[in-house]
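Here is how the chains run, residue by residue.
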Protein chains: 2
Amino acid sequence: MRIVVLAGGIGGARFLRGLKAAEPQADITVVGNTGDDIHLFGLKVCPDLDTVMYTLGEGINDEQGWGRRDETWSIREEMAAYGVEPTWFGLGDRDYATHIVRTQMMGAGYPLSAVTEALCARWKPGVRLIPMSDDRVETHVVVDTAELADAVAGDRPGTRKAIHFQEYWVKLRAAPTAYAIVPVGIEEAKPAPGVLAAIAEADVILFPPSNPVVSIGTILGVPGIRDALVEAEAPVVGLSPIVGGAPVRGMADKVLDAVGVETSAVAVAKHYGPGLLDGWLVDSTDADSVAAVEEAGIPCRAIPLMMTDVEATAAMARAALDMAAEVRAEGGV
Amino acid sequence: MRIVVLAGGIGGARFLRGLKAAEPQADITVVGNTGDDIHLFGLKVCPDLDTVMYTLGEGINDEQGWGRRDETWSIREEMAAYGVEPTWFGLGDRDYATHIVRTQMMGAGYPLSAVTEALCARWKPGVRLIPMSDDRVETHVVVDTAELADAVAGDRPGTRKAIHFQEYWVKLRAAPTAYAIVPVGIEEAKPAPGVLAAIAEADVILFPPSNPVVSIGTILGVPGIRDALVEAEAPVVGLSPIVGGAPVRGMADKVLDAVGVETSAVAVAKHYGPGLLDGWLVDSTDADSVAAVEEAGIPCRAIPLMMTDVEATAAMARAALDMAAEVRAEGGV
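Residues numbered from 1 in each chain as written. Chains lettered and ligands numbered in written order. Predicted model: local features only at pLDDT ≥ 70, side-chain atom pairs only at ≥ 80, totals over all residues. Heavy atoms only, no water.

The name an unreviewed UniProt entry gives chain A is 2-phospho-L-lactate transferase, with Streptodolium elevatio as the organism.

Asker: Help me understand unusual backbone geometry, please; the structure alone is not making it clear to me.
Answerer: Trans is the prevailing form of peptide bonds, just as negative phi is the prevailing case for residues other than glycine. Omega for the peptide link from Glu85 of chain A to Pro86 of chain A comes to -5°, which places this bond in the cis form. Among the secondary structure elements, Pro86 of chain A is positioned in the loop between helix 3 (74–82) and helix 4 (93–107). The residue Glu58 of chain B is not glycine, and still its phi comes out positive at about 60°. (Helix = DSSP H or I, 4+ residues; strand = E, 2+ residues; numbered from the N terminus.)

Asker: What exactly am I supposed to notice about the relation of the copies chain A and chain B here?
Answerer: Note on the chain copies: they are related by a rotation about an axis and a translation along it. Rotating chain A by 180° and moving it 0.0 Å along the rotation axis overlays it on chain B with an RMSD of 0.0 Å. These values place the two chain copies in the arrangement generated by a two-fold rotation axis. Minimal C-alpha separation from the rotation axis in chain A is found for Asp93 of chain A, amounting to 3.3 Å. When the interface residues of chain A are mapped onto chain B, 100% of them again fall at the interface, so both copies present the same face. (Least-squares fit on C-alpha atoms with pLDDT ≥ 70 in both. Contact = heavy atoms within 4.5 Å.)

Asker: I keep staring at the packing of helix 1 (residues 10–22) of chain A against helix 13 (residues 310–329) of chain A and nothing clicks. Help me out?
Answerer: Packed helix pairs are characterised by how far apart their axes lie and by the angle those axes make with each other. All names here are of chain A. Packing of helix 1 against helix 13 brings their axes to within 7 Å, and their N-to-C directions diverge by 75°. Here helix 13 runs roughly perpendicular to helix 1, going by the angle between their axes. Touching Arg14, Phe15, Arg17, Gly18, Leu19, Ala21 and Ala22 of helix 1 are Val310, Thr313, Ala314, Met316, Ala317, Arg318 and Leu321, all from helix 13. Its residues placed into classes, the contact of helix 1 with helix 13 shows nine nonpolar, two polar and three charged. (Axes fitted to C-alpha atoms, helices over the stretch in contact; angles between N-to-C directions. Parallel < 35°, antiparallel > 145°, perpendicular 65-115°, else oblique. Nonpolar A, V, L, I, M, F, W, Y, C, P; charged D, E, K, R; others polar.)

Asker: Just to check I follow, could you spell out the interface of chain A and chain B for this structure?
Answerer: One frequently used descriptor of interface size is the decrease in accessible area upon assembly of the parts. Between chain A and chain B, the contact holds 26 residues from the first and 26 residues from the second. Where chain A abuts chain B, roughly 2200 Å² becomes buried across the two surfaces, and 60% of that area is made up of carbon and sulfur atoms. Ranking the residues of chain A by area buried against chain B places Glu78, Tyr82 and Arg122 of chain A at the top, with a combined share of 29%. At the junction of chain A with chain B, the criterion picks out eight salt bridges. Two residues, Glu78 of chain B and Arg94 of chain A, come together in a salt bridge whose shortest N-O distance is 3.0 Å. One can count 14 residue pairs in polar contact (both at pLDDT 80 or more) joining chain A with chain B. Secondary structure elements with two or more residues in the side of chain A that touches chain B: helix 2 (47–56), helix 3, helix 4 and helix 5 (112–123) of chain A. Among the elements that take part in the side of chain A that touches chain B, helix 4 of chain A stands out by supplying eight residues, more than any other. Across the side of chain A that touches chain B, the residue classes tally to 15 nonpolar, five polar and six charged. (Buried area = accessible area lost by both parts, 1.4 Å probe. Salt bridge = Lys/Arg side-chain N within 4 Å of Asp/Glu carboxyl O. Polar contact = N/O pair within 3.5 Å; in protein donor to acceptor, adjacent residues only side chain to side chain.)

Asker: I'm lost on the sheet that holds strand 7 (residues 160–164) of chain A in this one. Help?
Answerer: Through backbone hydrogen bonds, the strands of a sheet pair up, either in parallel or in antiparallel fashion. Residue and element names in this part refer to chain A. Spatially, 7-6-8 is the arrangement adopted by the three strands of the open sheet, whose pairing is antiparallel. Since the sheet does not close on itself, it has two edges, and those belong to strand 7 and strand 8 (180–184), each with one partner. Between one strand axis and the next, the sheet turns through 30° on average, direction left out of account. In the sheet, strand 6 (residues 138–144) pairs with strand 8 via five bridges, with the strands oriented antiparallel. Bridging from a neighbouring strand, His140 pairs with Val182 of strand 8. (Pairing = 2+ DSSP bridges.)

This is the structure:
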């Protein structure tokens, strides 16, 4: 079975761990979000790709969900001693090694997809991990300077300003209102080699419970990817990242507000749209939402959606695959 | 008192520590060798500049003489896990931070001299540290492929080949015969801003017991620096790195052979030449060399030249300054 998964960071990576447990023989291609990529200290950092790679390669710090286990923090101490900014983004020494190797390879002319493949030669994630694009896309968030604690001199209160997604998410913990989400560079981005072919040849396409705006939404924004998904023969089944009106983890509500979407399992399904989704899974506690999703033309089931451990996550993956098989059998695609 | 010191790595740095102890009020400018610079993992590494900076800034690993104290080695482990070469050059995590900051600043357009000044703002070495040049100079060593254990397929035995100085020095531990020393790029290199002015305005110029070929020799090879030293009003006094016919530390004999200079305190003095040197200090055990050096037109004294601790080194520095004062008083310059 050929499965394509669109993935963000922690949520996507944990879902993939469950999917591999559920379907160890499956041929899984992961299209990874690169909209949260950032250049720090002259190095190219790809948080979502790395979270997937480290998680599936058994190198992740399981408690925090990102970064490396057995990490050391010497470089962070040194950067502080040198007074070099930013200090708010947590890069450990082992993690730095990945970014140094990546930056060196990209400097030598290799595209991100080739670099990711080379890094995965070590990590052996058991999936094919492809960035959504080899072109640089960096998501920015439009905020109001009046809400920025460190508003710089010259910023007039009431002025809108675009800041890097990581600054919004990590430094400011999504506290200021997000007025718009701007994936800078996306209009000119092309899907990375292999992305469209994997979608076209897939038996099943899954949206894990990743952030629908800044993770899956960004991937869908790369010209050509949404169309390929709509035209794919494979059913597209998604799992709601919203349970009981709140994000399971993270601060997805903040960015859903920015795109005018309510923080609910129903609203996210409608946001993706019936043209894209062939099935939607909501949490058991949202069972009363099933009818509303189906009214919108999207088959829907309610199952437990908390990724508490690999077994629970594998059960979610199985439910998604079962739903895809049903949809297909019913000729829904 | 304005003192200019031409310095290589460990020997130069230790001498400078003694000089600062001997003359805490002196205005010291260090012209640092950059011929042993190397690009590793996409990062600009300046071993000699950093050894001076870390040593005088109390950040050096005193036992090994290079690298940082309280160092961690996570990145080295990661590079080995990624299979990324080279593995023979020892870069610790704290050291990496320096190279990352340097590389980022140079990528932003700052010349090496400005970057070095910025790094020294943290380390406060108590001297003004200037690279010999902002232009890239990387010393190479011509060897015979027959002597290389890892001679690559296609290398015919008996073929001469230029390898990077660090590969010769660190990886091969100077075991193969050096047929020539080639400071690549030196013809086009210009002295860094401030170097010529410091030499012109100095009261004393010192050559520490650094390597006369690949450290001081390289600095002298930057067009304009030797002439400035010859024309300087200040006396130039050197300390022999050769004691009893052997280098005090390191493998200077290997590179002296390459330039046709015998490994002796006399031969090194003659190699610098009476046009350049106004005084030369040899070790007490080489007291019988004094006459030969003076016959070559260079005033010479024999004193203990082992830098066993800061006090012994300070005594050497005092002797060099005393000799400079005598030479000056005698109208030798």
